[in-house]
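Coordinates in review
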Amino acid sequence: MVRRFTAAILSLILAMAIPAQSSVPKGWFLHEDQAPTLTLAYYDPSSGDVMFAVTCTQGYTDAVIAFYPETASPGKKAVRLTLSSGDSVLVIDGTAQIHNGRYAIDGQTSMEQHLVDLLHGGFTLASDGQEMRTFSTTEQDAVHVRNLTKACRG
């Protein structure tokens, strides 16, 4: 059941059109068009692609984290994602796979205070111990992050 839920969420994330703007957003953007399912996506303006996303359903704490690395490893395999900032560390057991033509690593977690703090304050993402990217939250991004974390806290 969880795998089907995760696959459905990945499909939603990958199908998301870039918001109707004159330019690709940089940083966090909250997609509310599939409500009650909400997706907070981090866009990289150099590629126009979603690099990282958190998806949840309003009123529930279950969340799916998805990372879209630039390079792919062949085959479906278990991957450990680690979000960290200082002493704050969140480890998520994920699965790496090609989904709708794009390489993704995803895993399930909960919208607990630990994740909320990392999303608001910024974090470094590692995949199987290898640092991949640092994600930060600007003042402009803060409203998107806050709206997601408030809606998905149960």
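Residues numbered from 1 in each chain as written. Predicted model: local features only at pLDDT ≥ 70, side-chain atom pairs only at ≥ 80, totals over all residues. Heavy atoms only, no water.

Details of the overall build of the protein
Across its full length, the protein carries 3 helices and 9 strands. Along the protein, from the amino end to the carboxyl end, the secondary structure elements read α-β-β-β-β-β-β-β-α-β-β-α. A total of 154 residues make up the protein; the buried ones form 47% of that total. Summing over all exposed atoms, the protein offers an accessible surface of approximately 7800 Å²; the carbon and sulfur share of this is 47%. (Helix = DSSP H or I, 4+ residues; strand = E, 2+ residues; numbered from the N terminus. Buried < 20%, exposed > 50% of the residue type's maximum accessible area, 1.4 Å probe, protein only. Areas by Shrake-Rupley, 256 points an atom, 1.4 Å probe, with all protein chains shown as cover.)

Some details on the state of the cysteines
If you walk through the whole model with that rule in mind, you get 1 disulfide. Note on cysteine connectivity: Cys 56 is disulfide-linked to Cys 152, with sulfurs 1.9 Å apart. Between Cys 56 and Cys 152, the S-S dihedral sits near 75 degrees, and the bridge is therefore right-handed. Of this pair, Cys 56 sits in strand β3 (residues 49–57) while Cys 152 is found in the segment after α3 (139–151), placing the two residues 96 residues apart along the sequence. Per residue, the accessibility class of Cys 56 equals that of Cys 152, and both read buried. (Disulfide = S-S within 2.5 Å.)

Quick notes on helix α2 (residues 113–121)
Looking at α2, one finds that the buried residues are Leu 115, Val 116, Leu 118 and Leu 119. Axial view of α2: buried residues confined to an arc of 165 degrees, hence all on one face. Gly 122, located one to two residues past α2, shows a positive phi value of around 95 degrees. (Arc of directions from axis to C-beta.)

Things to note about the nonpolar core
Counting residues in hydrophobic clusters, the biggest one holds 31 residues, and the most contacted among them are Phe 52, Met 111 and Leu 148. Setting aside its immediate chain neighbours within four residues, Phe 52 contacts Trp 28, Leu 40, Ala 41, Tyr 42, Ile 65, Ala 66, Phe 67, Tyr 68, Leu 83, Phe 123, Leu 125 and Phe 135. (Core = buried A, V, L, I, M, F, W, Y, C linked by side-chain atoms within 4.5 Å. Contact = heavy atoms within 4.5 Å.)

Remarks on the layout of surface pockets
By volume, the largest pocket amounts to about 190 Å³. Forming the boundary of the largest pocket are 12 residues, of which Pro 25, Lys 26, Gly 27, Gln 140 and Asp 141 lie nearest the centre. In terms of residue class, the lining of the largest pocket is made up of 4 nonpolar, 6 polar and 2 charged. Estimates place the volume of the second largest pocket at around 150 Å³. (1 Å grid on protein atoms, 1.4 Å probe; cavity = no way out; pocket = protein on both sides within 12 Å on 5 of 7 lines; lining within 4 Å. Points joined across faces, edges and corners; volume = space filled by probe spheres on them. Nonpolar A, V, L, I, M, F, W, Y, C, P; charged D, E, K, R; others polar.)

What to know about the confidence of the model for the protein
In the predicted model, the protein carries a mean pLDDT of 85, and 82% of its residues have values of at least 70. Here residues 1–5 scores under 50 on pLDDT; set against residues more than four positions off or in separate chains, the count is 6 contacts. In the model, residues 14–22 has pLDDT below 50 throughout and makes 20 contacts with residues more than four positions away in sequence or in other chains. (pLDDT = per-residue confidence, 0-100.)

A short note on α3
The terminal C-alpha atoms of α3 lie 19 Å apart, and with 13 residues this matches the ideal 18 Å at 1.5 Å per residue to within 8%. Taken as a whole, α3 has its buried residues at Asp 141, His 144, Val 145, Leu 148 and Thr 149. Down the axis of α3, the buried side of the element spans an arc of 125 degrees, and every buried residue falls inside it. When the buried face of α3 is taken as reference, the exposed residues oriented beyond 90 degrees from it are Glu 139 and Lys 150. Buried residues along α3 sit in contact with β1 (27–31), β2 (37–44), β3 and α2. (Expected span 1.5 Å × (residues − 1).)

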